[in-house]
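The chain contents come next:
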Amino acid sequence: MKWSLPGNSWNPPQLQTARLTIRPLVPNDAEAIFAFCSDSRMTEYTLWETHQSIADTMQFLREYAPSRYREQIPEPLGIVLRNDHSDSVIGTLGGFWISKSNGTMELGYAIAANFWGLGFATEASQALIDYLFTDYPIERLQARSMTPNRASYRVLEKLGFRYEGTMRSLIYRRGRYWDVGIFGMLRADWESSRRTRT
Ligand SMILES: CC(C)(COP(=O)(O)OP(=O)(O)OC[C@H]1O[C@@H](n2cnc3c(N)ncnc32)[C@H](O)[C@@H]1OP(=O)(O)O)[C@@H](O)C(=O)NCCC(=O)NCCS
């Protein structure tokens, strides 16, 4: 890769899509985020646990998010509806390093259950993918989904990720092992999908 990581002046991105704004999270987002992170439908296939109280959400916003931003990692970011003047977060997403030396990041996303099936995960992720390949020296963006998480499989398919295989019993969670599907998008894949989109 010819270019380096973002410099000291880095701020988490603010991105716009047709219907959504993606922006950094702030402590004021606690109530909105607690509302969907405390929903067990949301965490059925996530590696993070259901928030039990607003204190869990505050820790996420006051400690986890700022520590990631200090490391210039664009995760977690908030997703809000552009036409919602209350600026209420309806989901989160982000890209984080799997291996800096190998130029690999991973994509993750979550949308409040009330808003499932409206294309928001796909729309927000597309904007983030464009940002990641444009601003970071990555060769590979990957995503992982527990095999029963078919909605997530479908999002990755719509985004143009390639299914690369399933790692059996990769994760032990809630008393059992889970198979995990691995998906990848290489820089060349992204460049060719961008040409088709324009
Ligand atoms: C996965 C998730 C982010 C999808 O969000 P979303 O905004 O509903 O996604 P989109 O609307 O962009 O696309 C969802 C697609 O999955 C499809 N889908 C939903 N449930 C499905 C199922 N059980 N089987 C097959 N397809 C399914 C939808 O029909 C849609 O496809 P379509 O556009 O071809 O109709 C959301 O379900 C979620 O937040 N889940 C909890 C958190 C999570 O699991 N995150 C991923 C961890 S890897």
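The shown structure was predicted, so the numbers you read here are calculated from the model rather than taken from an experiment.

> Describe unusual backbone geometry, with residues and values.
A cis geometry characterises the amide bond from E75 onward to P76, with omega recorded as 5°. Within the secondary structure, P76 sits in the loop between α2 (54-70) and β3 (77-81). In the Ramachandran plot, Q72 falls in the positive-phi region, its phi being about 65° despite a non-glycine side chain. Within the secondary structure, Q72 is located in the loop between α2 and β3.

> I'd like to hear about the sheet that holds strand β4 (residues 89-99), residue by residue, with values.
Taking strand neighbours across the sheet as the criterion, the eight strands line up as β1-β2-β3-β4-β5-β6-β8-β7 in an open arrangement whose pairing is mixed. The two strands at the open ends of the sheet, each matched to only one other strand, are β1 (15-16) and β7 (162-173). Where β7 and strand β8 (residues 176-186) come together, eight bridges link them in antiparallel fashion. Bridge pairing in β8 links G165 to I182. Here helix α4 (residues 150-159) sits on the sheet in contact with β5 (104-111), β6 (140-146), β7 and β8, set at roughly 155° to β6.

> I'd like a description of the environment of S86, backed by residues and values.
Note that S86 resides in the loop between β3 and β4. Taking the C-alpha atoms as reference, S86 lies 24 Å from E63; in sequence the two are 23 residues apart.

> Lay out helix α1 (residues 30-37) with the relevant residues and their values.
Taken as a whole, α1 has its buried residues at A30, A32, I33, F36 and C37. Projected down its long axis, α1 shows its buried positions confined to an angular sector of 165°, all on one face. Along α1, the residues that are exposed and aim more than 90 degrees away from the buried face are E31 and A35. Among the structural elements, α2 and β4 are those in contact with the buried residues of α1.

> Give a description of the packing of aromatic side chains that names residues and reports values.
Applying the stated rule across the entire model yields ten aromatic pairs. Note on F60 and Y64: the rings are 5.7 Å apart at their centroids and 15° apart in plane angle, and the pair reads as stacked. Taken as a pair, F60 and Y64 lie in helix α2 at a separation of four residues, close to a single helical turn. Relative to Y163, the ring of Y153 has its centre 6.5 Å away and its plane inclined at 35°; by these criteria the two rings are tilted. Pair noted here: Y153 is in helix α4 and Y163 is in strand β7, with a separation of ten residues, a long-range link. Given the relative accessible area of 12%, Y153 is considered buried.

> Can you explain the pattern of salt bridges? Please cite residues and give values.
Applying the stated criterion to the full structure yields eleven salt bridges. In this structure, R19 and E123 form a salt bridge, with 2.7 Å as the shortest nitrogen-oxygen distance. Separated by 104 residues along the polypeptide, R19 in the loop between β1 and β2 (20-24) and E123 in helix α3 (residues 120-135) bring together distant segments of the chain. Its relative accessible area of 18% is what places E123 among the buried residues. Among the salt bridges present, the one from E157 reaches R154, with a minimum N-O distance of 3.1 Å. Residue E157 and its partner R154 are both found in helix α4; the two are separated by three residues, about one turn of the helix. Sharing partners across several salt bridges, the network here consists of R23, D29 and D87.

Rules behind the numbers
- Residues numbered from 1 in each chain as written.
- Predicted model: local features only at pLDDT ≥ 70, side-chain atom pairs only at ≥ 80, totals over all residues.
- Heavy atoms only, no water.
- Helix = DSSP H or I, 4+ residues; strand = E, 2+ residues; numbered from the N terminus.
- Pairing = 2+ DSSP bridges.
- Contact = heavy atoms within 4.5 Å.
- Axes fitted to C-alpha atoms, helices over the stretch in contact; angles between N-to-C directions.
- Buried < 20%, exposed > 50% of the residue type's maximum accessible area, 1.4 Å probe, protein only.
- Arc of directions from axis to C-beta.
- Phe/Tyr/Trp six-rings, centres within 6.5 Å; stacked < 30°, edge-to-face > 60°.
- Salt bridge = Lys/Arg side-chain N within 4 Å of Asp/Glu carboxyl O.

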